[in-house]
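Next come the chains, spelled out residue by residue.
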Amino acid sequence: MTMNNEEIKAAARVLRSGGLLLYPTDTVWGIGCDASNEEAVRKVFALKRRSDSKSLILLAEDMDMIAMYVEQVPEMAVELVNVNDAPMTIIYPGAVVKEPGSPSRLPGLAPSVVAQDGSVGIRIPASSAFCMALLHTFGGPIVSTSANISGEETPKTFSGISEEVKAGVDMVVDPSLEGISSGRSSQIIQLGLDGQVKILRG
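Right, let's walk through the structure included here. Think of each chain on its own: its residues are numbered from 1, step by step along the sequence as written. Residue-level local features of this predicted model are given only where pLDDT is at least 70; pairs of side-chain atoms are given and counted only at 80 or more, and the full residue set underlies all totals for whole chains, interfaces and linings. As a convention, hydrogens and water are excluded, and side-chain values are obtained from all of the structure's heavy atoms.

Along the polypeptide, Thr 145 turns up in strand β7 (residues 145-146). Only protein chains enter the calculation, and the probe is 1.4 Å; a residue is then buried if its accessible area is under 20% of its type maximum, exposed if over 50%, and partly exposed in between. Taking relative accessible area as the criterion, Thr 145 reaches 5% and is therefore assigned buried. Those residues in contact with Thr 145 that lie beyond four places of it in its chain are Trp 29, Gly 30, Ile 31, Val 44, Lys 48, Arg 50 and Leu 56. Strands are runs of DSSP state E lasting at least 2 residues, helices are runs of H or I lasting at least 4, and numbering of each runs from the N terminus. Residue contacts are defined here by distance: any two heavy atoms, one from each residue, within 4.5 Å place the two residues in contact.

Printed below as a string of structure tokens:
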């Protein structure tokens, strides 16, 4: 499938402007936004009608990008990313949170994407050329939450996404790119700095 560079540039512009994106990830269709923009993140919660006490999963291009948004990357995380070829979300301790009023050029996550214990879930969508190109063009982590209203079934295809969700975003990525999504949720693994590994979803 030919990657549409104009589509990627347009999607990155939407993210930079604080807009919401409906896009195919390496797992399922997701609602995305700039993970450092608190106002955009709150729009995601409002669209999904989801409590903002729940954290959100993010996508990042590589370990270098992840290292900019967590205080310390556990060694185990690097090992897992290197050997795992299936979609895998890692929950990292010590997320770097953007302070109110801090310069936009400084890295930091919107407070609402971080869990109450200060951790954050991040995945490198290596099997999705579209997501990797978008992350590279955008230059920062992107929210990736399933494209459904909270409590409703996660749609496995574009046709299963509700009209409410489609109407609530600023850009819908070309549905012909649907084939890049596996339709299955990722593994979720929680890591501690002490080497502790906990599988939350296999």
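This is not the end of the story, as more comes after the structure.
Here a strand pair is declared whenever DSSP counts at least two bridges between the two strands. Here strand β9 (residues 187-191) runs beside strand β10 (residues 197-201); their pairing, made up of four bridges, is antiparallel. Within the sheet, the bridge partner assigned to Ile 189 lies in β10 and is Ile 199. What sits between β9 and β10 in their antiparallel hairpin is a turn of five residues, with Gly 195 showing a positive phi close to 90 degrees.

This part covers the packing of helix α1 (residues 5-16) against helix α5 (residues 129-138). A fitted line through C-alpha atoms serves as each axis, taken over the contacting stretch for helices, and the angle formed by two N-to-C directions is quoted from 0 to 180°. Packing of α1 against α5 brings their axes to within 9 Å, and their N-to-C directions diverge by 55 degrees. In terms of their interaxial angle, α1 and α5 are classed as oblique. The chirality of how α1 crosses α5 is right-handed. For the pair formed by α1 and α5, the contact residues are Glu 7, Ile 8, Ala 11, Ala 12, Leu 15 and Arg 16 on the first element and Phe 130, Ala 133, Leu 134, Thr 137 and Phe 138 on the second. In this count, Pro and Cys sit with the nonpolar residues alongside Ala, Val, Leu, Ile, Met, Phe, Trp and Tyr, while Asp, Glu, Lys and Arg are called charged and the others, Gly among them, polar. Of the residues assigned to the contact of α1 with α5, the class counts are eight nonpolar, one polar and two charged. With respect to orientation, any angle under 35 degrees is reported as roughly parallel, any angle over 145 as roughly antiparallel, any angle of 65 to 115 as roughly perpendicular, and every other angle as oblique. Crossing handedness is defined as follows: a turn of the near helix away from the far one that is anticlockwise and smaller than a right angle gives a left-handed crossing, while the clockwise case is right-handed.

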